[in-house]
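Reading the structure
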Amino acid sequence: MSFWFWNGVRRGIPSTRYPAVPETASGVTPGRPVATMFASAEEAARAAANCPVGAITARDREAVIDLETCIHCQRCRFGNPSTVHWANDFEWTRWPAAKKGFEPLPASFTRSLHIMVVDAGDCGACLHEIKQLNNPFYNIHRLGMFFTATPRTADVLLVVGPVSENMREPLLKTYDAMPQPKRVVAVGACAISGGVFGRTFASAGGVGMVLPVDLEIPGNPPPPLAILHGLLVVTSRKEVLTEGGTSLI
Amino acid sequence: MTSAPPSHSPLDVEGLTILLEERFRAGLSVLKEAPGLVIRVLDLSLLPVVSRFLFWEAGGSFGGLIVEERLREWTLQYLFLLQNIGWVDVVVRAPLYQKTIPSIVAELHAADWYEREAEDLFDIDFEGHPRLGDFILHDETWQEHIAPMRKAFDANALNFERKPNEKWRPKLVVEDPGSFAMPVGPVYEGGLGEPIHFLLETVGEDVIREVPRLFYNYRAVEKIAEGKAVCDVLLLAERFSAKSAFAHSLAFCQAIENAAGAEVPWRARRLRVVLAELERLRHHAGAIQGICQSTALSVSEAHAAIIEEQLLRASAAFTGHRYLFGLNTPGGLRRDFEETACRDLLRAIDSADSQLRILEERLRYSSSFLDRLEDVGAISPENARDLDLVGPVARASGVSRDLRKACPYATYSEYRFDAPCEQEGDGYARLRVLFAEARESARLVHQAVDSLEPGDSSIPVEATASTVGFGWTEAPIGAAMHGVRLDSEGRVERYRILTPSFRNWLGFHVAVEDFAFQDFPIILATFGLSATECDR
Amino acid sequence: MTALAGGALLVFFIVCAIALVLSTLVSDLAAIILIGWQGGICSILLMLAGAARLSAGADFYQPLWTIHGVGELTLRLDALSAVFLFAAGLVYLSCCLFAPGCMMHSRNSYPAKRYSVLHFALMISVVLILTAGDALTFLISWECMSILTYLLVNHGQERQADPSAGYIMLAMSEAGFLAVVIAFLIAAGGASGLSFSALRESAAHLSGQAEWGVFVLALFGFGVKCGLVPVNFWLPRCYTASPAIFVPVLAGVTLNLGFYGILRMNGDLVPLHGIGPGLFALITGSVTALVGILYATTETDLKTMLAHSSIENAGIIVAGIGAFFAFRSSAIAVPAAIALTAALYHTVNHSLYKTLLFEGAGEIESAVGTRDMDQMGGLIRALPGLSIVFLVGCLAIAAAPPFNGFVSEWLTLQTFLRSALLSAALVKVVFALCGAILALTAALAVTCFVRTYAMSFLGIRRGDWHFSVTGLSRRARASMILLAIACLFLGILPTFAIGVLDRAVEPLAGVSATTALVPPFFTATESNGQLPAAFLQDFHNLGAQTGAHLLAGRGLVLLLRGSEQNPVVFAMSPSYGVAAIALFLLVAYVVVGRLTRRRAAAGGEVWAGGIPRLLPEMTYTATGFSNPVRVVFQAIFRPNIVEDARETVAVHFRTAIHRKREEMHLVDRLFFHPIGAAFGGIARLLAGMHHGVLSGYVSYALVFLLVILFLYRLT
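Rules used throughout
- Residues numbered from 1 in each chain as written.
- Chains lettered and ligands numbered in written order.
- Predicted model: local features only at pLDDT ≥ 70, side-chain atom pairs only at ≥ 80, totals over all residues.
- Heavy atoms only, no water.
- Helix = DSSP H or I, 4+ residues; strand = E, 2+ residues; numbered from the N terminus.
- Rg over C-alpha atoms; globule rule 2.2 N^0.38 Å.
- Contact = heavy atoms within 4.5 Å.
- Lys, Arg positive; Asp, Glu negative; His and termini not counted.
- Charge placed at Lys NZ, Arg CZ, Asp CG, Glu CD.
- Buried < 20%, exposed > 50% of the residue type's maximum accessible area, 1.4 Å probe, protein only.
- Areas by Shrake-Rupley, 256 points an atom, 1.4 Å probe, with all protein chains shown as cover.
- Core = buried A, V, L, I, M, F, W, Y, C linked by side-chain atoms within 4.5 Å.
- Pairing = 2+ DSSP bridges.
- Buried area = accessible area lost by both parts, 1.4 Å probe.
- Salt bridge = Lys/Arg side-chain N within 4 Å of Asp/Glu carboxyl O.
- Nonpolar A, V, L, I, M, F, W, Y, C, P; charged D, E, K, R; others polar.
- Domains from an automatic or database assignment.
- Polar contact = N/O pair within 3.5 Å; in protein donor to acceptor, adjacent residues only side chain to side chain.
- Axes fitted to C-alpha atoms, helices over the stretch in contact; angles between N-to-C directions.
- pLDDT = per-residue confidence, 0-100.
- Parallel < 35°, antiparallel > 145°, perpendicular 65-115°, else oblique.
- Left-handed = near helix turned anticlockwise from the far one by under 90°.
- Patch = residues over 30% accessible without salt bridge, like charges linked within 9 Å, V, L, I, M, F, W, Y side chains within 5 Å.
- Phe/Tyr/Trp six-rings, centres within 6.5 Å; stacked < 30°, edge-to-face > 60°.
- Lys NZ or Arg CZ within 6 Å of the ring centre and 35° of its normal.

Let's talk about the overall build of chain A
Across its full length, chain A holds 6 helices and 12 strands. For 249 residues, the compact-globule estimate of 2.2 N^0.38 gives 18 Å, and the C-alpha radius of gyration of chain A, at 19 Å, lies within 12% of that figure. Dimensions along the principal axes, computed over C-alpha positions, put chain A at roughly 65 × 45 × 40 Å. Considering only contacts within chain A whose residues lie at least 6 apart along the sequence, 76% involve residues at least 24 apart. Both charge centroids of chain A, one from 23 positive and one from 21 negative side chains, sit 6 Å from each other.

Given below as structure tokens:
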């Protein structure tokens, strides 16, 4: 007979204390490329040419990153002479370029949020990272957030994947079944812009093509802490990091 | 068909050639082409008989069907893997105007879904197949005869006329007066389950018939790869199924290396083994967590989740990405790893391994947990062979097939490891196989790291024009094969992905039928399959 | 009052006879009108007669005529008959409102004239049974009633799927009648005549075995009509096969005749000594109830399900009657009175709600065209009025407050708990087991009727039917509303009902049920012998005087007093309960309305996981809902599942799986098939005697002669 209760108690509590305390353990995030100053414009141009999806633009000697397009292939990080610097953070949430800002949910949702997830063509990484939010390390229950089984009781919809054609109708039905107030968060590069799949006959090219998106979380996949940051933004416990009136690039 | 053991002792190439020429005389022509054999079927009506011979009598395994439209004709390649011989390619060529090919499904049940896929994507009619249509392109979303994989279809043409079938209803099989079909999905489990639509036909408790409807995640990876450069298609190979990302990107790179005839440096090969086994270990920890979650044994689920997260963090610390994206490149690995990093990784793997052993021991003594797994969702060895299942699911039913041993790649032939096998085929057997394979993976990583020698981690490989390459790996779910044809500019002309989930989903309904529907989520979890890997 | 009762009764006979004669003369349409109006008048006269007798004190006695050498045919209307007469009157009133509506709707398939004649004849025979004063009248009218019900059941024979159902009913009725006749003969063994008073006198001299003989024969002889195991073999088949206009009468009137017979014979004429017969009736009743509800819960045909449910209710009533016999023979009067009150109350209740449900089923069948619950669904949108009335019926039969079923089932279960007063341990064990079986039955009844209502009325339409009419006429609907209101009144004013039933209970049980069960909280202001001042004051403080100014009577609380240590054995008040429920609902409505003032409710389609459309075949069927019961009680059902699969190519590609479930009813399996097989065996054996060989027949004569000589030698 296994004494599960005793085993559980003995294992201890590995939960992170984020957002109260910043999380810096190794491996919690893949990091992201940041704007880098090069010695010459040619090197910057070479760095820009390295990116298979065109997330790096060379402005004179500076290589500027569009995080929403970045697919974390790390080609700009290893194995070529013009490497770009990478930062080890994860608070990447921002609102879509077409929008002016983000209105969080009303105050009563701050410590009681119900999350509905729809996998609309995802490769499995973003969905798996969202599932990790329930594991003892991240444990979103301590923050009052729960995954619901039905959209009828959901407040925020997390969509992953570029919205494959077969999932377009189910996604729309899920959105329609959610009561007001609701927010839609596109998680991952595929959900924001279609990722490597793009806009084809079989994929819509991002959730924004199908639903009104309120927040975007870039990454491929964004680590669980980035998604957690996004959920905290939805409940107005955290802010989108902005610089000069626009969300951080 | 009978499931008698193969009537010939393992044949070699000459023996097989002689037998084939004896039996089928003028209907075939046999060529010895590396890595195995190519059998060109000239008389189409012989196709089912040849398939039966290769699968049942010669004891081969069916790898898949590759359909190509090139040079004004169809080329259908039926892949078989035979012991001692390797890959046997049965090739059928037919002019484009001939849209009917005899179906081999009566002899080879494992070919069922391949033919349905070809019918949906290429609009080829397989004569004699009882159930064509409404497979990848769901009838309520797409109209008939689109054939997106045809050359004439432009993947980026977005505004073609859509006329889906508004009145579509699922076809129910059970005709009991009080029966009904319980729908599950595509959005179920709060959306945390991959989108699959199950129809459980029942009269109340027991599931009499279960029909899974997949391909909600169909993103037409094979179509959008056409015309792209190899380095771009590598991105696709990696990202269509993230939980086996490294295995699939490895198979793709091996296909390109095979096409170019390149020799990958030894250090890169050994590091590839390290990373592939790391992925397998992490995948199996996740599968075990899924099984514990389905039986609602929360503490064990939490323990398994801790192990998985630790492995994810170790992957990120070692390679920079939690799911091992961006590592493989044709010719080796994109980066090298230092000794200290490898030692840190070994420590993390040892910790995970010992925690998994403790977890297994604890689960063995939880009778309420075992009650829900033993004798539940059983697949008999006959069914597993008949439907040609692969991976841990097949090994739990006594079908011991592992590409790492049958056709070793990278440096697997150097190492000592087992491919654990069980006989019962129920949920508990699959769980035991997962634990055993996790132990073997840890063992393999140790052997691989210990055998590392200084050297190059990659060589540059040019995408050679007009070549064909074929690569394979044993992904965590089973055997995965990638085939690539490069055109005259070195771009990808045809990309074919044969995934293990595609093969195993075919057998899922056998496990579910005649069990109560409360057992359904548990059986689903013990299979540990990926819908997105199947859908591509 | 007695004169009023008698007068009403005689006028009833006259009017009914006139109606009978008129029916033979007029056209079909006029016959339908005749049923409606004349039938209505007759029913009201019956109710009047019953009510008048129940408020007066004396019996009404009327000799009819004397048959030389046999005896005198008399009528006697006493309190027990009055109760059943009133119930029959109310049910007939409803049926006479319902039948014309139904017949107008499908006029061409019922020959109304014949129905009318038989209907009035049956009415006369039923009232004669209930008011018979001697055995002859009783038996003659019983036989007439059997034959008339057979003729009425076979009425729409060309439309029936089961033509032998009526014949089986007739055969069983005759067998029951035979048993009853023998019972009467045994009871009248040493009597001076055949009148009931003579039988009562001679009953005191019956030996123990004779008493048992009378009891068992009467129980199963009358049990045929009310549906006791094992003689209820005919009931489900016959109820299903009867035309929809007649089944309410079958379930509401003729079923009660069985109970009347048992009570008259064993309660009044031949009182039982010894606790054995009471326990026997108790066990039979409980087993009947369980078997009935099990088959009801798993049956998908609406009418058959209601028939099985009638068997269940009959079992409950007979169990109550058995408890009454047991307590009375042990000379514990108060529980005996309570048990009989419960049984009579349940009889009246059952007539009301079962008639209501059968009428509802008839309307559903005429609107939808099918009786299969697996094919229905969504009727609440098509027949909204009927759905409310049917809901009342379902709640009443499932014993949900505030309807009448709750009171009578509660009282029945409470009397079982009073078995603590009996002395023998075995008796208490039997009572406890039967109580447990009845509790299980009550739970299964709730399941059964939740299933019935939900699968027929709620959800998505499952079959291909279209609505041919939007329900029957207003008059038919009025008949059901009448019964629903009666159910509600009997549920919220039980103390009045018990006061009325007490007239029948007191002569048989010896004590007054009202005195035992209804403390006079309204009328008593100071202590009397039964209610000490402190007790009275406590209950007045609790509000037991609420409503004293609005309503007459003793009070609204049902309460049984116990000893010093246990002053209140049980207590309940549905009247106050209903008021409390109404108040609570009102408060909840207001509060929730205020709290959610600023919320807007948005409607949308059902969430089904994202599939394009939730199809009817994806929703639960009635069979699926009751599958757990089928699985748990598999040992009783012993089904035989025949599976047949159509496949192409291989097992993997099955295109159709056809499953059929074949079951033989428990009673058939355990009783009739073995008996039938035994008789068949004997008959085959005897048939072997007819071999046609002449020498064989000659040898029979020789053998017979030898046997005679041998016997002669012996004696």
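Section: the overall build of chain C
Helix and strand content of chain C: 27 helices and 6 strands. With the C-alpha coordinates of chain C rotated into their principal frame, the extents come out at 105 × 90 × 60 Å. Within chain C, buried positions represent 55% of all 715 residues. Taking the intrachain contacts of chain C between residues at least 6 apart in sequence as the baseline, contacts between residues at least 24 apart amount to 78%. Of the roughly 29400 Å² of accessible surface on chain C, 68% is carried by carbon and sulfur atoms. With 41 positive and 35 negative side-chain charges, chain C shows a spacing of 6 Å between the two charge centroids.

A word on the nonpolar core
Counting 212 residues, the largest nonpolar core has Phe138, Phe184, Tyr239, Leu411 and Phe431 of chain C as its most contacted members. Excluding anything up to four places from it in sequence, Phe184 of chain C contacts Ala135, Phe138, Leu139, Phe196, Leu199, Met265 and Leu269 of chain C. Counting residues in each nonpolar core, the second largest holds 182 residues, with Val88, Leu235, Val393 and Cys407 of chain B among its members.

Structural notes on the pairing of strand 4 (residues 62–65) of chain A
All names here are of chain A. Here 2 bridges tie strand 2 (residues 36–37) to strand 4, and the two strands are oriented antiparallel to one another. Looking at the pairing, Met37 lines up with Glu62 of strand 4. One ladder, built from 4 bridges, connects strand 3 (residues 56–59) with strand 4; its direction is antiparallel. Within strand 4, the residue paired with Ile56 across the bridge is Ile65.

A few points about the interface of chain B and chain A
One frequent convention defines the size of an interface as the accessible area lost when the parts assemble. Taken together, the contact between chain B and chain A spans 68 residues of the former and 62 residues of the latter. Summing the contributions of chain B and of chain A, the shared interface buries around 5500 Å²; its carbon and sulfur component is 60%. When the area that chain B buries against chain A is broken down by residue, the three leading residues are Leu192, Arg239 and Arg313 of chain B, summing to 13%. Across the chain B-chain A interface, the total number found is 1 salt bridge.

Examining the interface of chain C and chain A
Every contact between the two is made by 7 residues of chain C and, on the other side, 8 residues of chain A. Contact between chain C and chain A buries roughly 550 Å² in total, counting both sides, with carbon and sulfur atoms accounting for 58%. Among the residues chain C hides against chain A, the three largest losses belong to Glu605, Trp607 and Gly610 of chain C. Together they make up 87% of the total. Looking at the side of chain C that touches chain A, its residues break down into 4 nonpolar, 2 polar and 1 charged.

Here we look at the domain arrangement of chain A
All names here are of chain A. Assigned domains of chain A: these are domain 1 (32–87) and domain 2 (107–247). Just the C-alpha atoms count here: the centres of domain 1 and domain 2 sit 27 Å apart. Across the contact, 5 residues belong to domain 1 and 8 residues belong to domain 2. Roughly 580 Å² is buried in total at the junction of domain 1 and domain 2, and carbon and sulfur atoms are behind 63% of that figure. Counting the surface domain 1 buries against domain 2, the share from its top three residues, Glu68, Ile71 and His72, is 75%. There are 0 salt bridges connecting domain 1 and domain 2. Linking domain 1 with domain 2 are 1 residue pair in polar contact (both at pLDDT 80 or more). Looking at the side of domain 1 that touches domain 2 residue by residue, the class counts come to 3 nonpolar, 1 polar and 1 charged.

Notes on the sheet that holds strand 8 (residues 180–184) of chain B
All names here are of chain B. Read across the open sheet, the 3 strands follow the order 8-9-10; overall the sheet is antiparallel. Sheet topology places strand 8 and strand 10 (207–213) at the edges, where each strand pairs with a single neighbour. Across the sheet, the axes of successive neighbouring strands diverge by a mean angle of 20°, strand direction being ignored. Two elements, strand 9 (residues 197–202) and strand 10, share 6 bridges in a ladder whose sense is antiparallel. Counted as the bridge partner of Leu200 is Glu210 from strand 10.

Structural notes on helix 4 (residues 165–177) of chain A
Every buried residue belonging to helix 4 of chain A is among Glu165, Asn166, Met167, Pro170, Leu171, Lys173, Thr174, Tyr175 and Ala177 of chain A, and all of these are buried. Contacts made by the buried residues of helix 4 of chain A are with strand 6 (113–119), strand 8 (156–160) and strand 9 (183–187) of chain A.

Here's the deal with the pairing of strand 3 (residues 558–561) of chain C
Every regular strand shows the same layout, with side chains that alternate between the two sheet faces. Pairing analysis gives 4 bridges linking strand 3 of chain C to strand 4 (residues 568–572) of chain C, with the strands arranged antiparallel. Its bridge partner being in strand 4 of chain C, Arg561 of chain C is matched across the sheet by Val568 of chain C.

With respect to the sheet that holds strand 3 of chain A
Pairing between the strands of a sheet is mediated by backbone hydrogen bonds and can be parallel or antiparallel. Residues and elements named next belong to chain A. Strand order in the open sheet formed by 3 strands is 2-4-3, with antiparallel pairing between adjacent strands. Looking at strand neighbours, the two that pair on one side only are strand 2 and strand 3, the edges of this open sheet. Its contacts with the sheet put helix 2 (residues 41–50) on strand 3 and strand 4, and the angle it makes with strand 3 is roughly 165°.

Topic: the confidence of the model for chain C
Where the model shows low pLDDT, its predicted coordinates should not be examined in detail. Residue and element names in this part refer to chain C. For chain C, the mean per-residue pLDDT works out to 85, and 95% of the residues sit at or above 70. Per-element mean pLDDT across chain C ranges from 68 in strand 5 (residues 640–647) up to 94 in helix 12 (residues 302–329). For this predicted complex, the interface confidence score (ipTM) comes to 0.92, while the overall pTM stands at 0.85.

Observations regarding the packing of helix 1 (residues 4–11) of chain A against helix 9 (residues 339–364) of chain B
Relative to each other, helix 1 of chain A and helix 9 of chain B sit at 160°, their axes nearing to 12 Å. Our classification of the angle between helix 1 of chain A and helix 9 of chain B gives roughly antiparallel. Viewed along their axes, helix 1 of chain A and helix 9 of chain B form a crossing whose handedness is left-handed. Packed against helix 1 of chain A, whose contacting residues are Trp4, Asn7, Arg10 and Arg11 of chain A, the element helix 9 of chain B presents Gln355, Leu359, Arg362 and Leu363 of chain B at the interface.

A look at unusual backbone geometry
That bond from Gln180 of chain A to Pro181 of chain A is cis: its omega, -5°, falls within 30 degrees of zero. Relative to the helices and strands, Pro181 of chain A is located in the loop between helix 4 and strand 9. In this model, Asn220 of chain A is joined to Pro221 of chain A through a cis peptide bond whose omega is 0°. Note that Pro221 of chain A resides in the loop between strand 10 (215–217) and helix 6 (224–234). Although it is not a glycine, Asp123 of chain B sits at a positive phi angle of roughly 65°.

Focus on a nonpolar patch on the surface
Residue and element names in this part refer to chain C. Where nonpolar side chains cluster on the molecular surface, the patch consists of Leu670, Phe671, Ile675, Phe679, Ile682, Leu686, Met689, Leu694, Tyr697, Val698 and Tyr700 and spans about 1100 Å² of accessible area. Looking at the nonpolar patch, the elements with two or more residues in it are helix 26 (666–687) and helix 27 (694–714). With 6 residues, the top contributor of residues to the nonpolar patch is helix 26. Looking at where Ile675 falls in the secondary structure, it is placed in helix 26. A residue is classified by how much of its surface remains accessible, and Ile675, at 41% relative accessible area, is partly exposed.

Observations regarding the pattern of salt bridges
Residue and element names in this part refer to chain B. Applying the stated criterion to the full structure yields 57 salt bridges over all chains. For Arg93, the salt bridge identified is with Glu73, shortest N-O distance 3.4 Å. Of this pair, Arg93 sits in strand 5 (residues 86–95) while Glu73 sits in strand 4 (residues 73–82), and the two are 20 residues apart along the sequence. A relative accessible area of 24% means that Glu73 is categorised as partly exposed. Several salt bridges share partner residues, and in doing so they unite Glu277, Arg280, Arg395, Asp402, Arg404, Glu437 and Glu474 into one network.

A word on the environment of Ser2 of chain A
With respect to the element layout, Ser2 of chain A can be found in the segment before helix 1. Exposure remark for Ser2 of chain A: the relative accessible area of 11% places this residue in the buried category. Through-space distance from the C-alpha of Ser2 of chain A to that of Thr110 of chain A is 39 Å; in sequence the pair is 108 residues apart. Here Ser2 of chain A is in contact with Arg362, Tyr365 and Ser366 of chain B, once residues within four sequence places are set aside.

Quick word on the packing of aromatic side chains
One pass over the structure, following the stated rule, counts 54 aromatic pairs over all chains. Taken together, the ring pairs connect Phe62, Tyr78, Phe80, Trp113, Tyr114, Phe135, Phe215 and Phe502 of chain B into an aromatic cluster. Across the ring face of Trp86 of chain A, the terminal group of Arg77 of chain A is positioned such that the distance to the ring centre comes to 4.3 Å.

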